[in-house]
Amino acid sequence: MTERIYNESINVDDDETALEIAALQSENLISPPKKEYIYHKEALVALLEEISQKKLKWIHRCDITSTEPVVVDQTEDDLDRELKFYQQGLEAAIQGKQAVIKAGVPFSRPDDYFAEMVKTDTHMAKIREKLLAQQQGIQNAEEAKKQRELRKYGKKIQQEKLKEREDKKKASLDKIATIKKRLRSGDLGDADDFDIDVDSDDDANSSARSGSTKRGGKLAPNKKRLSKNDRYGFGGKKRGLKRNTADSAGDITGFSVKRNKSGSFSGGVKKGKAKRPGKAKRQRGL
């Protein structure tokens, strides 16, 4: 069949092409030799018995066969599959421990046994220092964040306090300006409209400096202010304030018997300290 296809499809013109076609046809006609398989059952059984470990003790083999096969209903369920593997491993561990104890081999490590560490103490100390540095860095970052939040909160409170003070100061200045305008015009109006709140500390300090006292819960002017008010008034009448009147003539509140008996009112010579004698008199006295 192959020879007929080549003869129909290819038209041989030269000798070289004909030789190549003949070589291809000869390769296709030669079939590869068949491989013979020999089954020596006795030899295989003998080799299996030779390499078998059944003659060895279990402690040298440490093989455990699960009592129940692992059956996973849903292979895509990772949790179910891992749970089955865990149960199989737990069963094998329990059986292995029992077999080791049965073989008389110590299973648990003694309390006074110190195993050699894989890593040196120097390396572990470096790891510990690195972990401590990381932990300290985290704590420092958290503390810095907390401090930034506190500073923001403190600045906000400070700004609110400053704004409140500015508002109070502005309101007080507006009331003072209104009072000055009414004083110039002579119309004081209702005094309650101009009740300016003053801090208790400022009241105490100002009253201590000026000598003013509180009367009826309100700050009263000091004596100096009262004397100036009596003398100069509030822009009213100033002429004739020092002249005597019937009331001032009959007023004896300033009369003092002790001072009246002294020489200042009786016309007598005022007794005082003796004057120092002159230089010549003092020399004569010596």
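Thresholds, definitions, all that
Residues numbered from 1 in each chain as written. Predicted model: local features only at pLDDT ≥ 70, side-chain atom pairs only at ≥ 80, totals over all residues. Heavy atoms only, no water. Helix = DSSP H or I, 4+ residues; strand = E, 2+ residues; numbered from the N terminus. Buried < 20%, exposed > 50% of the residue type's maximum accessible area, 1.4 Å probe, protein only. Patch = residues over 30% accessible without salt bridge, like charges linked within 9 Å, V, L, I, M, F, W, Y side chains within 5 Å. Areas by Shrake-Rupley, 256 points an atom, 1.4 Å probe, with all protein chains shown as cover. Salt bridge = Lys/Arg side-chain N within 4 Å of Asp/Glu carboxyl O. Lys, Arg positive; Asp, Glu negative; His and termini not counted. Charge placed at Lys NZ, Arg CZ, Asp CG, Glu CD. Polar contact = N/O pair within 3.5 Å; in protein donor to acceptor, adjacent residues only side chain to side chain.

Draft legend 1. Highlighting the environment of Arg81. One can find Arg81 in helix α5 (residues 78–102). On the accessibility criterion, Arg81 (23% relative accessible area) is partly exposed.

Draft legend 2. Broad picture of a positive patch on the surface. Positive charge collects at one region of the surface, where Lys145, Arg148, Arg151, Lys152 and Lys155 lie side by side. One can find Arg151 in helix α6 (residues 121–185). Taking the relative accessible area as the measure of exposure, Arg151 reaches 47% and is therefore partly exposed.

Draft legend 3. The arrangement of the side chain of Asn222 in detail. Topologically, Asn222 is positioned in the loop between β2 (218–219) and α8 (223–232). There is a polar contact of 2.9 Å between the side chain of Asn222 and the backbone nitrogen of Arg225.

Draft legend 4. Structural context of the pattern of salt bridges. The full count for this structure, using the stated rule, is 3 salt bridges. For Asp63, the salt bridge identified is with Arg61, shortest N-O distance 2.9 Å. Judged by its relative accessible area of 25%, Arg61 falls in the partly exposed class. A salt bridge links Glu164 to Lys168, with the shortest nitrogen-to-oxygen separation between them at 3.8 Å. You can see Glu164 and its partner Lys168 sitting in helix α6, 4 residues apart, about one turn around the helix. Among the residues examined, Glu164 registers a relative accessible area of 38% and is labelled partly exposed.

Draft legend 5. Just unusual backbone geometry, in detail. Even without being a glycine, Cys62 presents a positive backbone phi close to 55°. With respect to the helices, strands and loops of the structure, Cys62 is situated in the loop between α4 (58–61) and α5.

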